[in-house]
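Reading the structure
Residues per chain, in single letters:
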Amino acid sequence: MSRLTKVLFHLRNFNRSRISYLETHLCDHCNLNCKSCTHFCPLVTEPTFTDLEQYTRDIQTLSKKLAIRTIRLMGGEPLLHPKVNDFIRVTREAYPHSRIFVVTNGLLLLKMPNDFWETLRQYRIRIHWSKYPPLKDKFSEIEQRIKDAHIPYHGGDANVFGTFSAFGSDESTDLKEAFKACHNGCTNLYRGKIYTCPACYVFRANNYFHANHEVPEGWDIYKYSGKELQNFLNKPISFCRYCHHAVHPKSFPWEVSKRKAEEWM
Ligand SMILES: C[S@@+](CC[C@H](N)C(=O)[O-])C[C@H]1O[C@@H](n2cnc3c(N)ncnc32)[C@H](O)[C@@H]1O
């Protein structure tokens, strides 16, 4: 980086508000469908891809308002998107200095073409690989593939899952307590709005189960300033009262979803 670029970068950063973390869906559907998925992906009945043009506008707009330390491209399963390379490119162009990950269950990693690996290298992208039990026999082959491509990666064991919500329960968690316990910054960008956490996808449960659960508020990234967006994200939302996971974690061995409402309760 030249001195001038550095100065311009610091000036731009100085003017922006900042958040530590953002995640976003490249598609809402998944090829694994975990029980109690916090993104409600098993309840997405049709392939649902994020539109590249809308995403490009969103991420470019956000980049003028908020500096972000870590961005994770996920879903659903992001490798299902035929334009995954383009999402990577526009994210890196909007955020040249952030840590950017593709978060994947690894099911498709061995089938990804060379241009995918080349794109990861070119745009300095890391892989977060969630290691699920059904792929156990392939772990070493997948790991070798990532290493051969010289991509920095984190392999996270995903054999224990948790449920974060208490829909349909009379219990209510103290908002501040829940927010404080969970707030590791799971900000989600979805279709022009940012949300405090992936509970924003609860609308999938409403559609699938014909239910009427409260849907967390989202904030229009075109309407609000960076400071306002940052302030919204720094406070509990009323939906936090359903979140028992952070305060009283309940976990169980990973399994495939049977698409039962109880999985999210
Ligand atoms: C929703 S997945 C989407 C990305 C990709 N399909 C994957 O499986 O890594 C993102 C991350 O959330 C984790 N996750 C989702 N629901 C969870 C739950 N109920 N308990 C623990 N981790 C969960 C997954 O294991 C994964 O690491």
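Preceding block: the structure.
Structural notes, computed from the coordinates. Computed from a predicted structure; not experimentally measured. For every chain, the first residue of the written sequence is number 1, and numbering continues from 1 onward in sequence order. Confidence filtering applies because this is a predicted model: local features only for residues at pLDDT of at least 70, side-chain atom pairs given and counted only at 80 or more, and all residues used for totals across whole chains, interfaces and linings. Here the side-chain values reflect all heavy atoms present in the structure, with hydrogen atoms and water set aside.

Right, let's talk about the packing of aromatic side chains for a bit. Working definition: a ring pair exists when centres of Phe, Tyr or Trp rings (six-membered ring for Trp) sit within 6.5 Å. Plane angles under 30 degrees give stacked, over 60 give edge-to-face, the rest tilted. One pass over the full model with this rule turns up 13 aromatic pairs. Aromatic pair Tyr190 and Tyr201: ring centres 5.1 Å apart, planes at 90°, arrangement edge-to-face. Of the two residues, Tyr190 is situated in strand S7 (residues 188-190) and Tyr201 in the loop between strand S8 (193-195) and helix H7 (203-209); the sequence distance between them amounts to 11 residues. Each member of the pair, Tyr190 together with Tyr201, is buried. In this arrangement the basic side chain of Lys131 is found over the ring face of Trp129, its NZ or CZ atom lying 5.1 Å from the centre. Here a strand is any run of E in DSSP of at least two residues, a helix any run of H or I of at least four, and the numbering for each starts at the N terminus. Whether a residue is buried, partly exposed or exposed follows from its accessible area with a 1.4 Å probe, protein chains only, as a fraction of its type maximum: under 20%, in between, or over 50%, in that order. The rule is short: NZ of Lys or CZ of Arg within 6 Å of the ring centre and within 35 degrees of the ring normal puts a charge over the ring.

We now examine a positive patch on the surface. Where like charges cluster on the molecular surface, the positive patch consists of Arg18, Arg69, Arg99 and Arg126. Counting through the fold element by element, Arg18 comes out in strand S1 (residues 17-25). Candidate patch residues must exceed 30% relative accessible area and have no salt bridge, after which like charges are joined if within 9 Å and Val, Leu, Ile, Met, Phe, Trp or Tyr side chains if within 5 Å. The Shrake-Rupley method, run with a 1.4 Å probe sphere, supplies the accessible areas, and residue values consider only the shown protein chains as cover. Salt bridges are defined by distance alone: a side-chain nitrogen of Lys or Arg within 4 Å of a carboxyl oxygen of Asp or Glu. His is not counted here, nor are the chain ends, while Lys and Arg score as positive and Asp and Glu score as negative. In plain terms, the charge of a residue is placed at NZ if it is Lys, CZ if Arg, CG if Asp and CD if Glu.

Only buried residues count toward a nonpolar core. Its members are Ala, Val, Leu, Ile, Met, Phe, Trp, Tyr and Cys residues joined through side-chain atoms within 4.5 Å. In this structure, Leu22, Leu62, Ile88, Phe116, Trp117, Leu120 and Ile194 are the most contacted members of the largest nonpolar core, which totals 59 residues. Among the elements that make up this core, the one with the highest residue count is helix H3 (residues 84-94) (five residues). Contact criterion: two residues are considered in contact whenever any of their non-hydrogen atoms come within 4.5 Å of each other. If we ignore the near neighbours within four places in the chain, the residues touching Leu62 are Leu22, Ile68, Tyr95, Leu189, Ile194, Ile221 and Leu229. Listed in part, the 10 residues of the second largest apolar core include Cys41, Tyr132, Phe252 and Trp254.

Take the sheet that holds strand S5 (residues 153-157) next. Pairing between strands is defined by DSSP: at least two bridges between them are needed. If you walk across this open sheet you meet the eight strands as S5-S4-S3-S2-S1-S7-S8-S9, and the pairing is mixed. Two strands close off the open sheet at either side, each with one partner strand: S5 and strand S9 (218-220). Averaged over neighbouring strand pairs, the angle between their axes works out to 30° when direction is ignored. Bridge count between strand S4 (residues 125-131) and S5: five bridges; the pairing is parallel. Opposite Ser130, over in S5, you have Gly156 as the bridge partner. Every axis in this analysis is a line fitted to C-alpha atoms, fitted for helices over the stretch in contact. Angles between the N-to-C directions lie between 0 and 180 degrees. Strands in contact with helix H8 (residues 226-233) are S1, strand S2 (66-74), S8 and S9; relative to S1, the strand with the most contacts, it is inclined by about 75°.

Residue position: Gln230 is located in helix H8. One polar contact links the side chain of Gln230 to the main-chain carbonyl oxygen of Arg18, over a distance of 2.9 Å. Beyond its immediate sequence surroundings of up to four residues, Gln230 is in contact with Ser17, Arg18, Ile19 and Leu66. Nitrogen and oxygen atoms within 3.5 Å of one another constitute a polar contact, given that in protein one can donate a hydrogen and the other can accept it, and given that sequence-neighbouring residues count only through two side-chain atoms.

Moving on, we come to the environment of Ala94. Mapped onto the secondary structure, Ala94 falls in helix H3. Sequence separation of Ala94 and Leu62 is 32 residues, and the distance between their C-alpha atoms is 8.5 Å.

This part covers the site of the ligand. For each residue, the test is whether any non-hydrogen atom lies within 4 Å of the molecule or strand; if one does, the residue is near. In the vicinity of the ligand lie 15 residues, with Ser36, Thr38, Ser130, Tyr132 and Gly162 positioned nearest. Between the ligand and Gly76, the relevant distance is 3.0 Å, taken from a nitrogen atom to a main-chain nitrogen or oxygen of the residue. Its free accessible area being 540 Å², the ligand has 84% of it covered by the protein chains. At the level of elements, strand S3 (99-104) and strand S6 (160-162) are the ones that each hand at least two residues to the shell around the ligand. Gly is put with the polar residues, along with every residue not named as nonpolar or charged; the nonpolar set is Ala, Val, Leu, Ile, Met, Phe, Trp, Tyr, Cys and Pro, and the charged set is Asp, Glu, Lys and Arg. A breakdown of the residues in the shell around the ligand according to their chemical character gives five nonpolar, nine polar and one charged.

A separate point is the environment of Glu214. On the secondary structure map, Glu214 appears in the loop between H7 and S9. Glu214 gets classed as partly exposed once you look at its relative accessible area, which sits at 24%. As for Glu214 and Tyr95, which are separated by 119 residues in sequence, their C-alpha atoms are 33 Å apart. Those residues within four positions of Glu214 in sequence are excluded, and the remaining contacts are Val202, Ser238, Phe239, Arg241 and Tyr242. A distance of 2.5 Å separates a polar atom in the side chain of Glu214 from a polar atom in the side chain of Ser238.

The subject of this paragraph is the pattern of salt bridges. Applying the stated criterion across every chain, the model contains nine salt bridges. Taking the shortest distance from any N to any O, the salt bridge between Asp86 and Arg89 comes out at 3.2 Å. Here Asp86 pairs with Arg89, and both are found in helix H3, just three residues apart, close to one helical turn. Taking the relative accessible area as the measure of exposure, Arg89 reaches 27% and is therefore partly exposed.

The rule for a disulfide is simple: a pair of cysteine sulfur atoms within 2.5 Å. Considering all chains together, one arrives at zero disulfides under this definition. We note that Cys27 lacks a disulfide partner, and the nearest cysteine sulfur, in Cys30, lies 7.8 Å from it. Look at Cys27 and you get buried, because its relative accessible area is 0%. A disulfide-free cysteine, Cys37 has its sulfur positioned 3.9 Å from the sulfur of Cys41, the nearest such atom.

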